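Secondary and tertiary structure notes
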Amino acid sequence: YTIDEGVVSHARQAMSEDEFKRAFMNQWTVSQERVIPAALWNAVNSDTVAPGVGLVFAIDVNTERTAGAIAVADAAGNCEVIAAGLPPAKLVERAVAVAQKQSAAIALDDRGPAALFMTEIELAGVKVFPYSTKQLSQACARLFDAVADGQIQIRRHPKLDLAAAGAQKRDSGDSWLWARKDGNVDIGPLVAVTLAHDKAKRANTVWSAWE
């Protein structure tokens, strides 16, 4: 009674698909516009990826501190989320166990929710690579480029797929980071993959020279 077919038709042409779904079809969408296009993301995801030599692990926790994620990557660019949705109380125990088994290090965002666990991990005898905001922004850019260029292979994981679909950018100077407080999804799995991928590919980088 309030709009006619012409109004709906015009809105469908003028709006993005996600906007139209929300406004006229009462459908929830994770993000108005994906940062990583679905076609590029799907091209580098499969069910057979298995990281092998030169492993680096990474952890992340959501801002509500209700879920943690662990990812692993190798020097060849193979990545996998090995845990997602873990209670933070269980995250360190699991991450330390897998890192010790592989004699590997753990990367984390030193300004993010997982930074709280840095000392605990180091006391367990596992090397920690804390990423500054600048380093994390570089890691985000490298992950994006690796996906766009097909230089990364990711084992498909439903929570990682959801994070990649809903992730949004947060500007940081002339670069950007995955936005923790915006959007409708837990981006922890994506942040963990970003960190693990970056450090594994840059295993021989002198860490102190990054700043």
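See the structure above.
These remarks concern the structure in this document. Quick caveat, the model's predicted, so the values are computed rather than measured. (Residues numbered from 1 in each chain as written. Predicted model: local features only at pLDDT ≥ 70, side-chain atom pairs only at ≥ 80, totals over all residues. Heavy atoms only, no water.)

Here's the deal with helix 8 (residues 188-201)
The cut-off we apply is this: Helix and strand assignments come from DSSP, with helices taken as H or I runs of at least 4 residues and strands as E runs of at least 2, each series counted from the N terminus. A helix's residues, less one, multiplied by 1.5 Å, set its expected span. When a residue's accessible area, from a 1.4 Å probe over protein chains only, is under 20% of the maximum for its type it is buried; when over 50% it is exposed; and in between it is partly exposed.
Given a rise of 1.5 Å per residue, 14 residues ought to cover 20 Å, and the 20 Å separating the end C-alpha atoms of helix 8 matches this to within 8%. Among the 14 residues that make up helix 8, 13 are buried, leaving the element largely enclosed by the rest of the structure.

As for the layout of surface pockets
Counted only if it meets this: Site definitions follow a grid-based scheme: protein atoms alone, a 1 Å grid, a 1.4 Å probe that fits but cannot get out for cavities, and for pockets an open set with protein on both sides within 12 Å along at least five of seven lines, plus lining residues having an atom within 4 Å of a point. Grid points are joined across faces, edges and corners, and a volume is the space filled by probe spheres set on the points.
One number sums up the size of the largest pocket: a volume of about 190 Å³. Residue lining of the largest pocket: 12 residues in total, with D109, R170, L177, W178 and R180 positioned closest to the centre. Of all elements in the fold, only helix 6 (133-148) and strand 9 (175-178) reach the threshold of two or more residues within the lining of the largest pocket.

What to know about the packing of helix 6 against helix 8
Rules: Lines fitted to the C-alpha atoms define the axes, with helices restricted to the stretch that makes contact. Angles between their N-to-C directions range from 0 to 180 degrees. Reported orientations rely on four angle classes, namely roughly parallel under 35 degrees, roughly antiparallel over 145, roughly perpendicular from 65 to 115, and oblique for the rest. Residues count as neighbours in contact if any of their non-hydrogen atoms are within 4.5 Å of one another. Throughout, the ten residues Ala, Val, Leu, Ile, Met, Phe, Trp, Tyr, Cys and Pro are labelled nonpolar, Asp, Glu, Lys and Arg are labelled charged, and all others, Gly among them, are labelled polar.
Remark: helix 6 packs on helix 8, axes separated minimally by 9 Å, with the N-to-C direction vectors making an angle of 90 degrees. Between helix 6 and helix 8, the crossing angle belongs to the class labelled roughly perpendicular. Mapping the contact onto sequence places L136, A139, C140, R142, L143 and A146 in helix 6 and L190, V193, T194, L195, H197 and D198 in helix 8. When the residues that make up the contact of helix 6 with helix 8 are grouped by side-chain class, the tally is eight nonpolar, two polar and two charged.

Brief notes about the side chain of H197
Here H197 shows up in helix 8. Using a relative accessible area of 4% as the deciding quantity, one classes H197 as buried. Every residue in contact with H197, bar those within four places of it in the chain, is listed here: A73, G77, C79, R142, L143, A146 and I152.

Notes on the sheet that holds strand 5 (residues 106-109)
Where we set the bar: Only strands that DSSP links by at least two bridges are regarded as paired with each other.
If you walk across this open sheet you meet the seven strands as 1-7-4-3-2-5-6, and the pairing is mixed. The open sheet has two edge strands, strand 1 (45-46) and strand 6 (128-131), and neither has a second partner. One ladder, built from six bridges, connects strand 3 (residues 68-73) with strand 4 (residues 78-86); its direction is antiparallel. In the strand pairing of strand 4, A71 is matched with V81. Contacting strand 1, strand 4 and strand 7 (153-155), helix 7 (residues 158-166) crosses the sheet at an angle of about 95 degrees to strand 4. Against the sheet, helix 8 makes contact with strand 2 (56-61), strand 3, strand 4, strand 5 and strand 6, and its axis sits at roughly 150 degrees relative to strand 2, the strand it touches most.

Quick notes on helix 6
The end-to-end C-alpha separation of helix 6 is 23 Å, in line with the 22 Å expected for 16 residues at 1.5 Å each. Residues of helix 6 that are buried sit in contact with helix 3 (38-43), strand 5, strand 6, strand 9 and helix 8. Looking one or two places after helix 6, you find G150, whose phi comes out positive at around 65 degrees.

Considering the pairing of strand 6
Summarising the sheet, strand 5 and strand 6 pair through four bridges and their orientation is parallel. Note that in strand 6 the partner of A107 across the bridge is F129.

Considering the nonpolar core
Generally speaking, soluble globular proteins have nonpolar side chains that are buried together. We count it as follows: The criterion is simple. A nonpolar core is a set of buried Ala, Val, Leu, Ile, Met, Phe, Trp, Tyr and Cys residues joined through side-chain atoms within 4.5 Å.
W41, I152, W178 and L190 are the most contacted members of the largest nonpolar core, which has 40 residues in total. Broken down by element, this core gets its largest block of residues, seven residues, from helix 8. With sequence-adjacent residues up to four places away left out, L190 is seen in contact with W41, L143, L160, A163, A164, A167 and W178. The next biggest cluster of nonpolar side chains, apart from the first, holds 22 residues, and it includes I59, A99, L108 and I121.

Notes on unusual backbone geometry
The backbone of R65 shows a phi angle near 60 degrees, a positive value even though the residue is not glycine. With respect to the element layout, R65 can be found in the loop between strand 2 and strand 3. Under the relative-accessibility criterion, R65 is labelled partly exposed at 33%. A positive phi angle, near 50 degrees, is found at S103, a position not held by glycine.

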